[in-house]
Amino acid sequence: MYDTSVTVFSHIKALTDPQPQVRKAAAIAIAELGSQATLALPYLVKMLSDPDAGVRSAIITTLGKMHTNATLAIPSLIQLLADQDPTVKTAVSAILVQMDMATVDAIPGVLRDMDYNSWEIRQDLAQVLAHIGIKIIPTLLLMLEDHSEYIQGVAIDALAALGPPASSAIPSLIAKLIGPQSGTRWAAAQALGHMGPVAVQKLLIALEVHHENAAWIIVALGQTGATAMPALVKALENTDDLVRKAAAEAIGQIGVWAMPLAPQLLKTLTDSNAQVRHSAIWASGKLGPNVIPQLIAIAAGRNIKLRHTAIEVLGNYGPAAAAAIPTLVWNLNSSQISIRQASARALGHIGSGAIPALITALAHSKAIVRIGAVMALATMQSQASVAISTLSKLLADKNFTVRTEVIQALVAIGLPATDAPLIVAMTQDPIATVRHASAMALSKIPVKPEIAIPQLIALLADSDPDVRQAATVTLGSMGNVALDPLVKMLATSEIETRIATINAIGILGIKAITAIPNLISALLDANARVCEAAALALGGIDQQGTTAIIPLIEALISRDLYVRRAAAVSLGKIGGGAGFAVPALITTLGDPAPEVRAAAATALGFIGAEANLAIPILAQMLADADYTVRRCAESALVAIKRSRLSPT
């Protein structure tokens, strides 16, 4: 129990105690010492960086009870606004508000001394200032004139948080909006928007005077909301392209409240400037479904960029854009892949209403249309289950990309177990890309193992390495039922097949423990790559090291460096159970191949305390000519020493 009856100096000493609960109790006790607590202030400030969040919170609470005497702590408290612990951040905000104007007066100096500009601190500090109230506005206006954009940003954010009560700052914010510092313009526009209707009139006056900054003023008007709509309508007719663009975007920011402006905005869809038209299309998507006919017309137009934007906006409307289905399907025939992909996504977002048209498109004479229709149906997932029958027929499509996309779509939609053999059949496809997709699909659909496993095992002998790898991964995902057929495959004479089979067994991990004798036999294979695969697999299967350690130790002296490296890696996987291999691994630290030395060092680190004998030679290896070896030796030394210190 902590003794709270001792002197302030004893409490100060206790602040450095190794136990966080003692430090916390000392901080709480200091708060009860009255005027004597001031003596502890420098120590409390220093302890604000304590690694324990509970201690930091206790110190903040104590500083709060010291009131104005704690102003010395304000710089450190401001830094704590970036603390990772939300309780600490909340406590800091509360005490800074409590310190009132002392906090405000300290802020500029503190921010200048900071060696970094934290967006998080800026936001939290602005909220603190806003909670202090409107009496800080004169100080905030002074901060707006500071040479630091960061300090200006804090002031702008605080004014935004204050909202209409800070309307006296509108002229200063407009000055920042049209000023030379681009970093403060957007923040100033946001702050003016928070001022509400009271800012509109002054922004309109500024618009008449500062034509060169009209675009930014329009942005600010858009932030003020619906009250700015008349001004925005007028801005749509401005001769300056940037102003019209900003006006369209501002209308979009207002959203559905700006629906009365739809007729004027839609006129801008034919603007002479492409950027203006692009912004107008985007804004149209925010106003509601009444603009869909105009968007459909653009989606059928000749301008590729505008079509792309219109298609994306139509997709955002979802089922409400059902009238766009024929146009979107037509766009699946575009020579531009971006248009085809956007159309497929949009049709997917529209949902079930698009399915009949997409099923019809699956029979289109052009492969790109069929592909687009398949992609759209895949986007709908289970919603497109009614299309499974038609999609399945396309597994025989003459275009291999169609077949590949169909496989992926059937997986996304959710192929029933009764239909799964359709994909199994695709493992016979003449195109490697299709066989690869089939092999991967078999791990994601409900197919009977007795149907899938023979097909996948056949793919282990595939001529394409990617197909072999896919079959390996899928077989590994099937668990024990795949083990016996895989073990039988080890007898094949084809090298690539044996390697793929061993890799598949290795993926099964400890579930393949009965295959260890077969893998040990594979360690003696005439082909070094087969030996390497077997060595790597053994480490993940024989996790206790009861059977594989001696064969792996023998593999450490293989003529092939990759086999030696694989053996060392697997002994490392076994870890603490491979203590018997330590002498052999120490010898391997002298291997001529740096990759083998690095693997041996890493393995010794994983073995831990039992590798204690390796420490002297690992220390010498810190001067190895190879950087990777040096790094692995250093990591191993740390791991062994840490393991020795850890309780057993």
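Everything below is about the structure shown above.
Read on for a plain summary of the structure. Predicted, not measured: the structure shown is a model, and the values here were computed from it. (Residues numbered from 1 in each chain as written. Predicted model: local features only at pLDDT ≥ 70, side-chain atom pairs only at ≥ 80, totals over all residues. Heavy atoms only, no water.)

The next point concerns helix α13 (residues 200–209). The complete set of buried residues in α13 reads Val200, Leu203, Ala206 and Leu207. Mapping the buried residues of α13 onto a view down its axis gives an arc of 120°, with all of them on the same face. Along α13, exposed side chains directed more than 90 degrees from the buried face belong to Gln201, Glu208 and Val209. (Buried < 20%, exposed > 50% of the residue type's maximum accessible area, 1.4 Å probe, protein only. Helix = DSSP H or I, 4+ residues; strand = E, 2+ residues; numbered from the N terminus. Arc of directions from axis to C-beta.)

On to the packing of helix α26 (residues 400–413) against helix α28 (residues 432–441). Relative to each other, α26 and α28 sit at 10°, their axes nearing to 9 Å. Regarding the angle of α26 to α28, the classification is roughly parallel. Facing α26, whose interface residues are Phe400, Arg403, Thr404, Ile407 and Val411, α28 presents Thr433, Val434, Ala437, Ser438 and Ala441. (Axes fitted to C-alpha atoms, helices over the stretch in contact; angles between N-to-C directions. Parallel < 35°, antiparallel > 145°, perpendicular 65-115°, else oblique. Contact = heavy atoms within 4.5 Å.)

By the element assignment, Arg340 lies in helix α22 (residues 337–350). Once you skip the residues sitting within four places of it in the chain, Arg340 turns out to touch Asn331, Leu332, Ser334, Ser335 and Ile368.

A general feature of soluble globular proteins is that nonpolar side chains tend to end up buried together. Residues Leu63, Leu77, Ile218, Leu221, Leu585 and Leu618 are the most contacted members of the largest nonpolar core, which totals 240 residues. Apart from the residues lying within four places of it in its own chain, the contact partners of Leu585 are Leu556, Ala568, Leu571, Ala600, Ala603, Leu604 and Ile607. (Core = buried A, V, L, I, M, F, W, Y, C linked by side-chain atoms within 4.5 Å.)

A positive phi angle, close to 55°, is found at Gln381, a residue other than glycine. A residue is classified by how much of its surface remains accessible, and Gln381, at 48% relative accessible area, is partly exposed.

This part is about the side chain of Ser284. Mapping Ser284 onto the fold places it in helix α18 (residues 274–284). For Ser284, a relative accessible area of 0% corresponds to the buried category. Those residues within four positions of Ser284 in sequence are excluded, and the remaining contacts are Leu265, Leu266, Leu269, Val291, Leu295 and Tyr317.

Right, let's talk about the environment of Gly476 for a bit. Structurally, Gly476 is set in helix α30 (residues 465–477). Take Gly476: its relative accessible area is 10%, and that puts it in the buried class. For Gly476 and His194, which are 282 residues apart along the polypeptide, the C-alpha to C-alpha distance reads 58 Å. The contacts of Gly476, once residues within four sequence positions are left out, are Ala504, Ile507 and Leu508.

This brings us to the layout of surface pockets. When its volume is computed, the second largest pocket comes out at roughly 180 Å³. Lining the second largest pocket are 14 residues, with Trp119, Gln123, Asp157, Ala160 and Gln190 positioned closest to its centre. The set of elements that each furnish at least two residues to the lining of the second largest pocket consists of α8 (119–132), α10 (149–162) and α12 (182–195). When grouped by side-chain class, the residues that make up the lining of the second largest pocket number seven nonpolar, five polar and two charged. (1 Å grid on protein atoms, 1.4 Å probe; cavity = no way out; pocket = protein on both sides within 12 Å on 5 of 7 lines; lining within 4 Å. Points joined across faces, edges and corners; volume = space filled by probe spheres on them. Nonpolar A, V, L, I, M, F, W, Y, C, P; charged D, E, K, R; others polar.)

Owing to its 3.6 residues per turn, the α-helix brings residues three or four apart onto one side. Over its 14 residues, helix α24 (residues 367–380) extends 20 Å from the first C-alpha to the last, a length consistent with the 20 Å expected when each residue adds 1.5 Å. Of all 14 residues in α24, 11 are buried; the element is thus mostly enclosed. Every buried residue of α24 is listed here: Ala367, Val369, Arg370, Ile371, Gly372, Ala373, Val374, Ala376, Leu377, Ala378 and Met380. Directly after α24, the chain includes Gln381, whose backbone phi takes a positive value near 55°. (Expected span 1.5 Å × (residues − 1).)

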